[in-house]
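Below, each chain spelled out in residue letters.
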Amino acid sequence: MNSRIVILAVVARPLYLVILLASLWVLLRGHNEPGGGFIGGLMAVSATILWGVAHGTTAARARLPLGDAVWPAVIGLLLAAISGVPGLLDGEAYLTHRAWTLAFVSVELKLSTVLLFDIGVYLAVWGALAGYALALLAVDEQEQEGGPA
Amino acid sequence: MTVTTPNAAMSVAGRALFTLAPVTALAAVLWLLATQALPLTLSWVWIPALDIELAFRIDGLSALMLLMITGVGVAVFVYAGGYLSGHPDQKRAYLLLGLFMVAMIGCVTADHVLVLFVFWEGTSLLSFLLVGFYHERQESRRSAQQSLLVTGTGGLVLLAGFIVLGQTVGSYRLSEIIVLVPTMEVTPTLTLAMGLILVGAFTKSAQFPFHFWLPNAMAAPTPVSAYLHSATMVKLGVYLLARLDPAFGEWPLWVWLLKGVGSVTAAWGMVLALRERDLKRILAWSTVATLGTLVVLVGLRGESAALAVGALLLAHALYKAPLFFVAGNIDHGAGPRLIDRLGGLRRQMPWTAAAALLAAASLAGLPLSFGFVAKDVISEAKSVGEVFTFARMANTVFGTIAVAVAGITAVRVFWLRPPPGAVRQAHEGGAALVLPPLVLGLVGLVLGMFPLLAQDLLAGAAMAMSPAGAGTALTAPLDPQPDVGSLLLGLLFGATVFLLWDRLYRGLEWLAGRTGRIGMSSIYERTLAWIPRVAAGITRRAQNGSLPVYVAWVLASVAVPLATLLWLGRGQWTWPAAEMPSAGLAGAASLVILGAVFACLMRDRLVVLLSVGLIGYGSAVMFLFLGAPDVAYTQFTMETVFVIVAAAVLLKLRRMGLDRAVPEPAWRPGALALSLLVASVLTALLLAVYATPFDPVLSEFFGEQSVPAAYGRNVVNVILVDFRALDTLGEVAVVVLSLLAALPVLQAWRRRARTPVAGGRS
């Protein structure tokens, strides 16, 4: 920890939250405005890398959903795969998306299997690329902490 | 020879349960023949988009094949129960044999040629697995590979033939093809289809020059040899030829190819039998020769020829399978199968000796055997059909050596005095080993005495092989007239060869020693050895471990074909009208150029990486100004992540002391030339693209349908998650799977870094 840049460690916490929120915003608005699951996932990866550089890869990994990179990756893939099933059940081709509008008291909430698919892509990209990045950073980290062998 | 491990051996009940499969199938076939009017058609929708139906049609020929498949199947399953008793993999043998039976049934009942092809390849694959049953032996593995390569390649050629035929004729149904083809003109395309199909059929039925794989397939356990490589699978080629004979039968080329290739196979196969000492291989060569005779008979015109095909198919199944069982009993009860070490076995193995006599009588064509009936029908077919002299000579060679082979398998090893050094200890197998050959032999005897029993079956098969329209019933009863003169002459010749067997063997060996290794088998071996040598040579040159060389290969193999294509289509593009770029675009372009120039000039890898990143950012800015914010976003983020990860790797390398500066390339002029080529090809490509009017069908469709069909205004995202969702799913799956594959490697690397290595390089 001592060797890390203090400013980065201090800035990392708010920045991490901002980037994650921004990535979620990009994910959710993606269907109508520029954005989407892939780009949102990439932004989340950069947040994770930021945390990894500032506080170490173990801490960054613990901050990932379910505490590891593999879980969000696999769950995301499963979500994306499952999102195609409702269309299949309706007798359409696999991945024909369904959409519903839920009316609450005064708010209309639009839901669809597309959203599920995009969340899946988001999680899969985040998990997979964060997994790569953290594993590579970890190797580097060790060298640094262990000093020259 | 079998490995006995008490816990792995199958119980009697388990074996009986497996044997139920062919018994049920046989019962079903008998029920079908007894109650249903042929031809019987069934069909289900399978792949509607390609107009492929699971169409089946059972006519007389299918019925004959079905009876052979299930009837011999019962015998084989019973026999396998005894022969492989106690073998740890007996269950596997049963399972594969059962699957094989299903594939065979599918093959001989399929009406759609592509359905037939699927089952056809299934039999090849199962043959591979069954020939390699004793997978611990290298010989088995090599033979299995050979049979798969020959029949599998033939199968692919057959598929090509089927597709050409189906597209030309306009139907993939066998029942329609044989009606349509005779009405069509002989075109080169149709001839090509015929040739391809012939290759497929010839490889499967081990016709010259593809005959060499069948004897090698004898590495399989004996029940497998009896079933696949004598009674059923190798007959598939003949079956297909007989099926298509009504279509092509009037073509001189078809007739001459069948007669020619079949005759050569019939004679040469029998001559090669003289070079063998192993009982099973002798039988295998005689099978090859019989298949050749069958092909000749398919090629002959006339209804008696069709009848002869059916009769020989049936007779061969009824005598060759028992003879294989006899050979199996000998290696099971005595040990070796080499005829030099066998003799006088009748005392120890009386039942097997009896079965061998029954079956061999049929092989030799003695009166009262079904083989005699078959021989009679064949000679009648030849008296009617137009046979050329060579085919007659080939048939004489075939008949003569067949008698000798019958003598070897039934007389020499059982009745003649054992040669010096012969096996002394031998014992008869159990009921499961003795009954199948005896029963099949007896069926042959009964049919030989009362040939009218098989009349309807064979007439039905012959009907199916007759040209459409000529549906004259075959009324001539199967009533063989013994022609005493030719019969005795044949036996005399046969007996002579039998007595001279060893001398002929030595003579042929001497001849073979003089001529050296020529023949299909050695050509096959040489080809097989040649493939990895060429592949290794190419790999050594193309993938020498140097990254710049790889990049050069990739770029060159993209640029050169593209350049050729562009050159062929030159003159179609013009320079677009020059227009002043906007300030933003100009700035972005200069960023890209700056990055590219720096990347070329710098020698420190980290600086080069950053310069390359500059190119990425520059193009992202360009996207932003060109109205593609999505792409720009993604480019920005991707570029950032890429630079960070690559920098991490570079820093790691630097710490390991592997971070040398980019060396001066030894082939700078070459690299420059390649770069110029790639750059000019890309420029030319862009110009060509500009010259082609833009086809807006897709973008208009996506633009129009995005909101109504997918409820999204962001067309790019809608394409990704809805219109092309399956592609995206596949890409995401690749990303996740690559992580799962890479993690163990990275973690191992990390673990190795953690354990301090004494004296390790730092």
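Structure: see above.
Rules and cut-offs
- Residues numbered from 1 in each chain as written.
- Chains lettered and ligands numbered in written order.
- Predicted model: local features only at pLDDT ≥ 70, side-chain atom pairs only at ≥ 80, totals over all residues.
- Heavy atoms only, no water.
- Helix = DSSP H or I, 4+ residues; strand = E, 2+ residues; numbered from the N terminus.
- Buried < 20%, exposed > 50% of the residue type's maximum accessible area, 1.4 Å probe, protein only.
- Contact = heavy atoms within 4.5 Å.
- Areas by Shrake-Rupley, 256 points an atom, 1.4 Å probe, with all protein chains shown as cover.
- Phe/Tyr/Trp six-rings, centres within 6.5 Å; stacked < 30°, edge-to-face > 60°.
- Axes fitted to C-alpha atoms, helices over the stretch in contact; angles between N-to-C directions.
- Parallel < 35°, antiparallel > 145°, perpendicular 65-115°, else oblique.
- Left-handed = near helix turned anticlockwise from the far one by under 90°.
- Pairing = 2+ DSSP bridges.
- Patch = residues over 30% accessible without salt bridge, like charges linked within 9 Å, V, L, I, M, F, W, Y side chains within 5 Å.
- Salt bridge = Lys/Arg side-chain N within 4 Å of Asp/Glu carboxyl O.
- Polar contact = N/O pair within 3.5 Å; in protein donor to acceptor, adjacent residues only side chain to side chain.

A. Structural context of the overall build of chain A. Within chain A one finds six helices and two strands. For chain A, the sequential pattern of α-helices and β-strands runs α-α-α-α-α-β-β-α. Each of the 149 residues in chain A was classed as buried or not, and the buried ones make up 46%. Here the contacts in chain A between residues at least 6 apart in sequence split such that 65% fall between residues at least 24 apart. Carbon and sulfur atoms form 70% of the exposed surface of chain A, whose accessible area is close to 7200 Å².

B. Looking closely at unusual backbone geometry. Following Phe208 of chain B, the chain continues into Pro209 of chain B via a peptide bond in cis, with omega recorded as 5°. For Leu95 of chain A, which is not glycine, the phi torsion reads 75° and is therefore positive. Assignment of secondary structure puts Leu95 of chain A in the loop between α5 (85-89) and β1 (99-103). Taking relative accessible area as the criterion, Leu95 of chain A reaches 4% and is therefore assigned buried. Phi at Ala206 of chain B takes a positive value of approximately 55°, unusual for a residue other than glycine. You can see Ala206 of chain B is positioned in the loop between α7 (188-204) and α8 (213-216). A relative accessible area of 0% places Ala206 of chain B in the buried class.

C. Region of the structure containing the packing of aromatic side chains. All names here are of chain B. The final tally for this structure, using the stated rule, is 17 aromatic pairs over all chains. Relative to Tyr94, the ring of Phe18 has its centre 4.9 Å away and its plane inclined at 5°; by these criteria the two rings are stacked. Placement of the pair is Phe18 in helix α1 (residues 12-35) and Tyr94 in helix α3 (residues 90-109), with a sequence separation of 76 residues. Under the relative-accessibility criterion, Tyr94 is labelled buried at 1%.

D. The arrangement of the packing of helix α4 (residues 113-131) of chain B against helix α9 (residues 222-231) of chain B in detail. Residues and elements named next belong to chain B. Between α4 and α9, the shortest axis-to-axis distance is 11 Å and the interhelical angle comes to 155°. Of the possible angle classes, the one that applies to α4 and α9 is roughly antiparallel. Taken as a pair, α4 and α9 cross one another with a handedness that is left-handed. Here Ser127, Leu130 and Val131 of α4 lie close against α9, whose contacting residues are Val224, Leu228 and His229.

E. A look at the environment of Phe162 of chain B. All names here are of chain B. Turning to its location among the elements, Phe162 is positioned in helix α5 (residues 138-169). Exposure remark for Phe162: the relative accessible area of 0% places this residue in the buried category. Considered as a pair, Phe162 and Leu116 are 46 residues apart in the sequence and their alpha carbons are 9.9 Å apart. Once you skip the residues sitting within four places of it in the chain, Phe162 turns out to touch Val113, Leu116, Phe117, Tyr172, Ile197 and Leu240.

F. Up close: the pairing of strand β2 (residues 52-58) of chain B. Residues and elements named next belong to chain B. Strand direction decides the pairing type here: strand β1 (residues 40-47) and β2, joined by seven bridges, are antiparallel. Bridge pairing in β2 links Leu40 to Ile58. Between β1 and β2, which follow one another and run antiparallel, lie four residues, and Asp51 among them has a positive phi close to 60°.

G. Structural context of a nonpolar patch on the surface. A cluster of nonpolar side chains, contributed by Leu78, Ile82, Val85, Leu88, Leu89 and Tyr94 of chain A together with Leu726 of chain B, occupies part of the molecular surface with about 670 Å² of accessible area. If you list the elements that add at least two residues to the nonpolar patch, you get α4 (70-82) and α5 of chain A. No other element matches the three residues that α5 of chain A contributes to the nonpolar patch. Along the chain, the position of Leu88 of chain A falls in helix α5.

H. Examining the side chain of Arg337 of chain B more closely. Residues and elements named next belong to chain B. With respect to the element layout, Arg337 can be found in the loop between α13 (303-333) and α14 (350-364). A polar side-chain atom of Arg337 sits 2.9 Å from a polar atom in the side chain of Asp331. Beyond its immediate sequence surroundings of up to four residues, Arg337 is in contact with Arg277, Asp278, Leu279, Lys280, Ala327, Asp331 and Leu342.

Bear in mind that shape data such as this cannot, by itself, settle questions of function.
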